Amino acid sequence: MAMECIATLPQRFNENKTKEDPSIFDANLLNQLSNHIPQQFVWPDHEKPSTDVQSLQAPLIDLAGFLSGDSSLVSEATRLVSEASKKHGFFLVTNHGVDETLLSRAYLFMDSFFKAPACEKQKAQRTWGESSGYASSFVGRFSSKLPWKETLSFKFSPEEKCQSQTIKDFVSKKMGDEYEDFGKVYQEYAEAMNTLSSRIMELLGMSLGITRRHFRDFFEDNDSILRLNYYPQCSQPELTLGTGPHCDPTSLTILHQDQVAGLQVFVDNKWQSIPPNPQAFVVNIGDTFMALTNGIYKSCLHRAVVNSELERKTFAFFLCPKGDKIVKPPEELVGGVMSSEREYPDFTWSMFLEFTQKHYRSDMNTLEEFSNWLKNRRSF
């Protein structure tokens, strides 16, 4: 069904309230409070982090081996990805071809930004309902279960498709000419992630038994997001979370972690960690790609924890389809042995993005909530 008939979305947040709240998350100040961190950063007991967490046995995929065309290496890579994606949606890729110098520069610029004064960071302030910009926790957007983190996000589209360098242009406009090198580094980093995601999409296509180029071509035009995550030290890490439990609403997340642990995945009814590996990227399936596979590949619940000793930094590239592209699985994944009928209705990424940005706080039920709302609307 065409999406034009959907004119409104359910109102979940008070837009005026979020626009009027100028509060800023300052971890250094909050850590100095005599009693404990503010209540809005304290999570419910059943969601508080636990200390006894085992490591998840996420497979390590040799991407260069897959791309070499060697039949045994291709077979092994597709088998490992298929098994992991059907169970929890997480795997790691090595020999990925991303320049180590680029990664080092990206971390250096990240340090300089998040350690700058608040007034400097606010040059890139993220406005309500937008994907790009700086956000200090979710202060002003939510009033409870706030994450202990700061972020800087950039919308990204491939330069050859949009005829512009979206990240460089944003940085130049919002932050000024003195951030030219800063913008160049993250433009280059996003382009490297775009190339890497294309190769991973070939791997995912083959692992599902469809053509190698199906998903690569689907995401050739994309409206993606690059996010810099900064998790400061916390004086009471046992009370809060860096990022709450959620499934990514996007299609594919490519994450690089620094040397500090913090990523946890809920598998087999328990939280398990994915330790940092500087030579690897963590890849996980998002809700939109789960819909594209008709539920065969899973978008798994995950979170980030913080600690009292070390700050933590990560880069997350969220691959997303072009905003107006219809999200639906290929015919090969419907009506066969793997899945007998459609699990989710057709939708566009722009609609799903608006749902998560303005009307629903992403959690483990985001895709189901969105799908049910679409189905209810279409029944009238």
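Details of the structure are given in the entry above.
Figured I'd write up the structure that's included with this text. Just so you know, these numbers come straight off a predicted model, no measurement behind them. (Residues numbered from 1 in each chain as written. Predicted model: local features only at pLDDT ≥ 70, side-chain atom pairs only at ≥ 80, totals over all residues. Heavy atoms only, no water.)

## Some details on the pattern of salt bridges
- In the structure shown here, the tally under the stated rule is 19 salt bridges.
- Here aspartate 111 and lysine 313 are joined by a salt bridge, their closest N and O atoms 3.4 Å apart. Residue aspartate 111 is located in helix α5 (residues 100–114), and its partner lysine 313 is located in strand β13 (residues 312–319); the two are separated by 202 residues in the primary sequence.
- Each member of the salt-bridge network shares a partner with another, and the members are Asp111, Lys115, Asp258, Glu311 and Lys313. (Salt bridge = Lys/Arg side-chain N within 4 Å of Asp/Glu carboxyl O. Helix = DSSP H or I, 4+ residues; strand = E, 2+ residues; numbered from the N terminus.)

## Quick word on the sheet that holds strand β1 (residues 54–55)
- In space, the five strands of this open sheet follow the order β1-β10-β9-β12-β7, with mixed pairing throughout. Two strands lie at the open edges of the sheet, namely β1 and β7 (243–246), each paired on one side alone.
- Both β7 and strand β12 (residues 302–304) contribute to a ladder of two bridges, which runs antiparallel. From the neighbouring strand, histidine 246 faces β12, where its bridge partner is histidine 302. (Pairing = 2+ DSSP bridges.)

## Here we look at the environment of tyrosine 344
- For tyrosine 344, the position within the fold is in the loop between β14 (326–327) and β15 (347–348).
- Between the C-alpha atoms of tyrosine 344 and methionine 290, which are 54 residues apart in sequence, the distance is 9.3 Å.
- Among all residues touching tyrosine 344, those that are not within four sequence positions of it are Met290, Ala291, Asn294, Gly295, Leu367, Glu368 and Ser371. (Contact = heavy atoms within 4.5 Å.)

## Considerations on the sheet that holds strand β3 (residues 90–94)
- Here we have eight strands laid out as an open sheet, ordered β2-β3-β11-β8-β13-β6-β5-β4, and mixed in their pairing. Each edge of the open sheet is held by one strand with a lone partner, namely β2 (60–62) and β4 (133–136). Strand-to-strand twist in this sheet, taken as the mean axis angle between neighbours without regard to direction, amounts to 25°.
- Note: β3 against strand β11 (residues 281–285), four bridges, orientation antiparallel. Paired with valine 93 across the two strands is phenylalanine 281, which belongs to β11. (Axes fitted to C-alpha atoms, helices over the stretch in contact; angles between N-to-C directions.)

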